[in-house]
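The residues making up each chain are set out below.
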Amino acid sequence: GAPTASFKQIKGDSTKTPASDISEVSTTTLDLVVPKEKTILFLKTDTQGYELPVLQGARQLFDSGRVKLVAVEFSYGLLKAAGTDPLDILNFLADRNYVCTYLGWWTKIKAGTPGQYGKPQNMPPVQGKSISFEEMVELIRVFPVEVGGIGSSGWTDLLCWQSC
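Every chain begins its residue count from 1, and numbering advances along the sequence as written. Residue-level local features of this predicted model are given only where pLDDT is at least 70; pairs of side-chain atoms are given and counted only at 80 or more, and the full residue set underlies all totals for whole chains, interfaces and linings. Think of the side-chain values as coming from all heavy atoms in the structure, minus any hydrogens and water.

J.: Give me the lowdown on the overall build of the protein chain, citing residues and values where you can.
T.: Summing up its helical and strand segments, the protein chain has 6 helices and 8 strands in all. Each helix corresponds to a stretch of at least 4 residues labelled H or I by DSSP, and each strand to a stretch of at least 2 residues labelled E; elements are numbered beginning at the N terminus. Taken from the N to the C terminus, the helices and strands of the protein chain come in the order β-β-α-β-α-α-β-α-α-β-β-β-α-β. A 1.4 Å probe rolled over the protein chains alone gives each residue an accessible area, and that area as a share of the maximum for its type sets the label: buried under 20%, exposed over 50%, partly exposed in between. By the burial criterion, 34% of the 164 residues in the protein chain qualify as buried. If you sum the accessible surface of the protein chain, you get close to 9,700 Å²; carbon and sulfur atoms cover 54% of it. All accessible areas in this document rest on Shrake-Rupley with a 1.4 Å probe, and a residue is counted as covered only by the protein chains that are shown.

What follows is the structure in structure tokens.
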């Protein structure tokens, strides 16, 4: 049968979602729905922590070089909540010869207020230099007050392409 996934229908505080609000839905993979002769110019995944299963479901597309650009939401908190080590996303892409850059930093900027997110103002510069995967994960793990955060995790969007 088709793979399935369970999703919570969020009503207010997602940490208090009752089991009755969980729905099971059928899923598929990009490898199964994209014809073998097709190329994907731009693939975007923003699946609230479930980015790795999406990428894994496109493994043949990536391995054959048929994905030219990929944008991936890279959220420490959401990835960890979904049971994914953030390093696994970076390794998945690197193992397929993709290189990435980040498109800005985001974090919660006001404690106790839902939806108060923004850009930390005092991030250390990483433009123009390469950083390790571990350094990248550490950058989004906690945004301290010194950089404009409140001590919570953050996220970025990664833009990746296959290197020559």
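J.: Give a detailed account of the nonpolar core, specifying residues and quantitative values.
T.: One recurring pattern in soluble globular proteins is that nonpolar side chains are buried together. Ranked by size, the top nonpolar core spans 30 residues in total, and within it F62, V67, V70, F74, I89, L93 and W105 carry the most contacts. The contact criterion used throughout is that any non-hydrogen atoms of two residues lie within 4.5 Å. Excluding residues that lie within four positions of it along the chain, I89 makes contacts with E51, L52, L55, V72, F74 and L79. The definition of a nonpolar core used throughout is a set of buried Ala, Val, Leu, Ile, Met, Phe, Trp, Tyr and Cys residues joined through side-chain atoms within 4.5 Å.

J.: Quick one: what's the story with unusual backbone geometry, residue by residue and with numbers?
T.: The residue Q48 is not glycine, and still its phi comes out positive at about 55°. You can call Q48 partly exposed: its relative accessible area is 45%. Positive phi, close to 70°, is recorded for N97, a residue that is not glycine. With respect to the secondary-structure elements, N97 resides in the loop between α5 (86-95) and β5 (98-102).

J.: How would you summarise the state of the cysteines if you had to cite specific residues and measurements?
T.: Defined by distance alone, a disulfide is two cysteine sulfur atoms within 2.5 Å. By the definition in use, this model includes 1 disulfide. The side chain of C100 participates in a disulfide bridge whose partner is C160; the two sulfur atoms lie 2.1 Å from each other. Taking the torsion about the sulfur-sulfur bond, which here is approximately 105°, the covalent link between C100 and C160 counts as right-handed. Linking C100 in strand β5 with C160 in strand β8 (residues 154-162), this pair joins segments that are 60 residues apart in sequence. Judged by its relative accessible area of 34%, C100 is partly exposed.

J.: How would you explain the packing of aromatic side chains if you had to name every residue and give the values?
T.: Only Phe, Tyr and Trp rings are paired, with Trp represented by its six-membered ring, and only when their centres lie within 6.5 Å; those with planes under 30 degrees apart are stacked, over 60 edge-to-face, the remainder tilted. Overall, the coordinates contain 4 aromatic pairs when judged by the stated rule. With 4.4 Å between their ring centres and 25° between their planes, Y102 and W105 make a pair best called stacked. You can call W105 buried: its relative accessible area is 7%. Centroid distance Y117 to W155: 5.5 Å. Interplanar angle 65°. Geometry classified as edge-to-face. With Y117 in strand β7 (residues 117-118) and W155 in strand β8, the pair connects residues that are 38 residues apart, well separated along the chain. Grouping aromatic residues by their ring pairs yields a cluster made of F62, F92 and Y98. Over the ring of F92 we find R96, and its NZ or CZ is 3.9 Å from the ring centre. Geometrically, a charge over a ring is one whose NZ (Lys) or CZ (Arg) sits within 6 Å of the ring centre while staying within 35 degrees of the ring normal.

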